[in-house]
Amino acid sequence: MAIRIYNTLKREKKAFKPVKEGRVGIYFCGMTVQDRPHLGHMRAFVVGDAVRRFFEFSGYEVNYVQNFTDIDDKIIDRSIREGTDWRKIGERYIEEYFRASDRMNLKRATFYPRATQHIQEIIEIVSLLEKKGIAYEREGNVYFDVTRFQGYGKLSGKKLEELVSGARVEPDPLKKNPFDFALWKAWKEGEPYWYSPWGKGRPGWHIECSAMSTHYLGQPFDIHGGGEDLIFPHHENEIAQAEAARDKPFVNYWLHVGYVKLAGEKMSKSTGRFTAIADLLERYDPNAIRLYLLQTHYRSPIEYSEENLMQAQRAWEKIEVFLSRFESAEPPSVEPPASFVEAMEDDFNTPRALGALFEGMREANTFLDAGDEERARSTYGEILVMLGVLGFKPQEKAETAIDEIMEILLEVRKKLREEKNYAVADLIRGRLQEKGIILEDTPEGTRWRRGTR
RNA sequence: GGCGGCAUAGCCAAGUGGCCAAGGCGGCGGUUUGCAAAACCGCUAUUCCCCGGUUCGAAUCCGGGUGCCGCCUCCA
């Protein structure tokens, strides 16, 4: 069976066909680096990561491109407000992004292009649009004439007339039509600039993605992803720019990730209502956060709440406990169960895939309890593959002083238990639990782990 | 005002015409244990927001209603 993807443009789920057999080009809209990365960003990127890993698992060679838009109005605003160089603002949040990305075990993209490093490609596509009479220059600004692109609105399902009637945009006297958007913005005192055929200036918002995605992946390319909030105007405008400039389709599959909501409303940078991923990582295991994000299908909204995160944290601990039972076992090379693969092939249905994973755990435990080590190990191998495809990475236990101390403590406690001094043995266990260390007495001896209970 | 989405157990969440409505968290009972923990077994939605309709049969399709959310402005 083939991978089926829901395409926002067609509003249907369809079997994936790559532009080039055996390869897939994915452009995932990254951040405009004007503020800290939050849980909403992370949701989109975790989904992108799982999609990418599943393609790789399915035998595709994946070219994964994720941009940083490092020049725009908000970055300039912030730079002026803080009195910091605009480049430093971008660097700050890009660094924070990579720290979070690594802790979340997001596989590194093939390329991380930045708008400011592709000014040349941007100028080329704007020039092309101007030559064709689709873009026009006004006082050093270049605008895209939306009436010159037939398909305008096809992604977001909007019609130009409807947009105009419900317009909330400030009428700009330089624009022919209020929905024309800036491809190039003329320089203003105190702002960064690059030289262009239209004088000093800088790129508008949407153009960098049209320029960079096709630069790295060709046109058309396979999959363009991002948060749902990018559908309009960002992705709509990307389509207009790329297709009008080159008279060929831009993207074959549009994949959009649902919102993370905060107290019933959308989490958003612009309102300041967001939960920074770095703050969350201080309180939760990155795998628990990933589990929390993947237990809902990517197109449905997720409600942010500490309780839901706690549930995911517990579920993740269940997985860790499971893995610790097999620590010494050499995992065999196996295929994951069909139910898992089918779930993922069906528009990346990670909740169903996780169902298969948990069922596998139960089976493996049952085999192990029954003494059927061979089947237990084989099922354990399947679990490892599934965890890997979904991008989970159990924390490696670093050998530290605490291990040595625990060893001594467990030895002493063993003596106490042999002497049936349960009161003191239980005291040790109870006090350790208060500090987040759980003891488990098994017939083979006592294990310890970090956990909430 | 225009367009779109969602409503499934205490909580999270799959399921889009037909075996007992996946799975996770929580709870209850049991096996096991010195007691716990972990693990396993059983129970925890006779019913899928409400009202009609189509059908032999619907959570799933159609019509109406209610509630919540999103986009139309910067946003993953």
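Provided above is the structure to which this section pertains.
Here we summarise the structure given alongside this text. For clarity, every value in this text was computed on a predicted model and none was experimentally measured. (Residues numbered from 1 in each chain as written. Chains lettered and ligands numbered in written order. Predicted model: local features only at pLDDT ≥ 70, side-chain atom pairs only at ≥ 80, totals over all residues. Heavy atoms only, no water.)

1. Observations regarding the side chain of N67
Stated formally: Secondary structure elements are taken from DSSP: a helix is a run of H or I of four residues or more, a strand is a run of E of two residues or more, and numbering for both begins at the N terminus. Here a polar contact is recorded for every N or O atom pair within 3.5 Å, except that within protein the pair must consist of a potential hydrogen donor and a potential acceptor, and residues adjacent in sequence are included only if both atoms are side-chain atoms.
Relative to the elements of secondary structure, N67 occurs in the loop between β4 (61-66) and α2 (73-82). Among the polar contacts listed, one links the side chain of N67 to the side chain of Y27, at a separation of 3.3 Å. In terms of polar contacts, N67 uses its side chain to reach the backbone amide nitrogen of G30, at 2.8 Å.

2. A short note on the side chain of Q241
Note the threshold: By the convention used here, residues are in contact when the closest approach between their heavy atoms is within 4.5 Å.
With respect to the helices and strands, the residue Q241 is situated in helix α7 (residues 231-246). Here S210 takes part through its side chain, which lies 2.7 Å from a polar atom of the side chain of Q241. Apart from the residues lying within four places of it in its own chain, the contact partners of Q241 are I125, L129, F144, F181, L183, H206, I207 and S210.

3. Topic: the protein's contact with RNA strand B
Test applied: By convention in this text, a residue qualifies as near a molecule or strand provided that one of its non-hydrogen atoms is within 4 Å of it. Side-chain classes follow a simple rule in which Ala, Val, Leu, Ile, Met, Phe, Trp, Tyr, Cys and Pro form the nonpolar group, Asp, Glu, Lys and Arg form the charged group, and the remainder, Gly included, forms the polar group.
Taken together, 68 residues lie around RNA strand B, and W205, L230, K269, D441 and R453 are the ones closest in. For RNA strand B, the fraction of protein-proximal atoms (within 4 Å) that sit in sugar or phosphate groups is 63%. Within the side chain of H41, an N or O atom sits 2.9 Å from a phosphate oxygen of RNA strand B. Between K74 and RNA strand B, the recorded distance is 2.7 Å, taken from a side-chain N or O atom to a base oxygen. Sort the elements by how many residues they give to the surface near RNA strand B and helix α12 (residues 350-369) lands first, with 9 residues. Classifying every residue of the surface near RNA strand B gives 20 nonpolar, 23 polar and 25 charged.

4. Focus: the pattern of salt bridges
As a reminder, the rule being used: Salt bridges are identified by distance alone: a Lys or Arg side-chain nitrogen within 4 Å of an Asp or Glu carboxyl oxygen. We call a residue buried when its accessible area falls under 20% of the maximum for its residue type, exposed when it is over 50%, and partly exposed in between, using a 1.4 Å probe and counting protein chains only.
Tallied over the full model, the rule gives 33 salt bridges. With a shortest N-O distance of 2.9 Å, R52 and E56 are connected by a salt bridge. With R52 and E56 both in helix α1 (residues 39-57) and 4 residues apart, this pair spans about one turn of that helix. Given the relative accessible area of 5%, R52 is considered buried. Overall, the relative accessible area of 25% leaves E56 in the partly exposed class. Among the ionic pairs, E440 bridges to R447, the shortest N-O distance being 3.0 Å. In this structure E440 comes out as buried when scored by relative accessible area, which is 18%.

5. Comments concerning the sheet that holds strand β5 (residues 135-138)
The criterion, for reference: Strands qualify as paired when DSSP identifies two bridges or more between them. Every axis in this analysis is a line fitted to C-alpha atoms, fitted for helices over the stretch in contact. Angles between the N-to-C directions lie between 0 and 180 degrees.
One open sheet holds the 4 strands; their spatial order is β5-β6-β7-β8, and the pairing between them is antiparallel. Single-partner strands in this sheet number two, and they are β5 and β8 (201-203). Taking each pair of neighbouring strands and ignoring which way they run, the sheet shows an average axis angle of 20 degrees. Relative to strand β7 (residues 181-186), strand β6 (residues 141-144) runs antiparallel, the two being bridged by 3 bridges. Residue pairing for β7: F144 is matched across the bridge by F181.

6. Regarding the packing of aromatic side chains
Note the following rule: The rule is short: rings of Phe, Tyr and Trp, with Trp giving its six-membered ring, pair when the centres are within 6.5 Å, and they are stacked under 30 degrees, edge-to-face over 60, tilted in between.
For the structure on display, the rule yields 29 aromatic pairs. Geometrically, the ring pair formed by F98 and Y112 is edge-to-face, given 4.8 Å between the ring centres and 85 degrees between the ring planes. With a gap of 14 residues between them, F98 in helix α3 (residues 86-103) and Y112 in the loop between α3 and α4 (119-131) connect regions that are remote in the sequence. In this structure an aromatic cluster arises from ring pairing among F16, F54, F55, F57, Y60, Y253 and F348.

7. Here's the deal with the packing of α2 against α3
For clarity, the threshold we go by: Working definition: roughly parallel below 35 degrees, roughly antiparallel above 145 degrees, roughly perpendicular at 65 to 115 degrees, and oblique for all remaining angles.
Running from N to C, α2 and α3 point in directions that differ by 110 degrees, and their axes come no closer than 8 Å. When the axis of α2 is compared with that of α3, the two are roughly perpendicular. Along the contact surface, α2 presents I75, R78, S79 and E82, while α3 presents W86, I89, R92 and Y93. Looking at the contact of α2 with α3 residue by residue, the classes come out as 4 nonpolar, 1 polar and 3 charged.

8. A short note on α3
The condition that has to hold: One fewer than the residue count of a helix, multiplied by 1.5 Å, yields its expected span.
With 18 residues, α3 should cover 26 Å at 1.5 Å per step; its first-to-last C-alpha distance of 26 Å lies within 8% of that length. For α3, the complete set of buried residues consists of W86, I89, G90, Y93, I94, E96, Y97, F98, A100 and S101. For α3, the secondary structure elements touched by its buried residues are α1, β4, α2 and α8 (277-281). For α3, the N-terminal cap is D85; the gap from its side-chain oxygen to the backbone nitrogen of R87 is 2.7 Å. Just beyond α3, the residue with positive phi is N105, at close to 60 degrees.

9. Concerning the pairing of strand β1 (residues 4-7)
Summarising the sheet, β1 and strand β2 (residues 12-15) pair through 4 bridges and their orientation is antiparallel. Its bridge partner being in β2, I5 is matched across the sheet by K14.

10. A look at helix α6 (residues 207-217)
Among the 11 residues in α6, 9 count as buried, and that is most of the element. Listed in full, the buried residues belonging to α6 are I207, E208, C209, S210, A211, M212, S213, T214 and L217. Following α6 by one or two positions, G218 has its phi on the positive side, about 85 degrees.

11. Comments concerning the environment of Y93
With respect to the helices and strands, the residue Y93 is situated in helix α3. Separated by 221 residues in the primary sequence, Y93 and R314 have C-alpha atoms spaced 31 Å apart. Ignoring anything within four residues of it in the chain, the contact list for Y93 reads V33, Q34, D35, R36, P37 and R78. A polar contact of 3.1 Å, which involves the side chain of Y93, links it to the side chain of R78.

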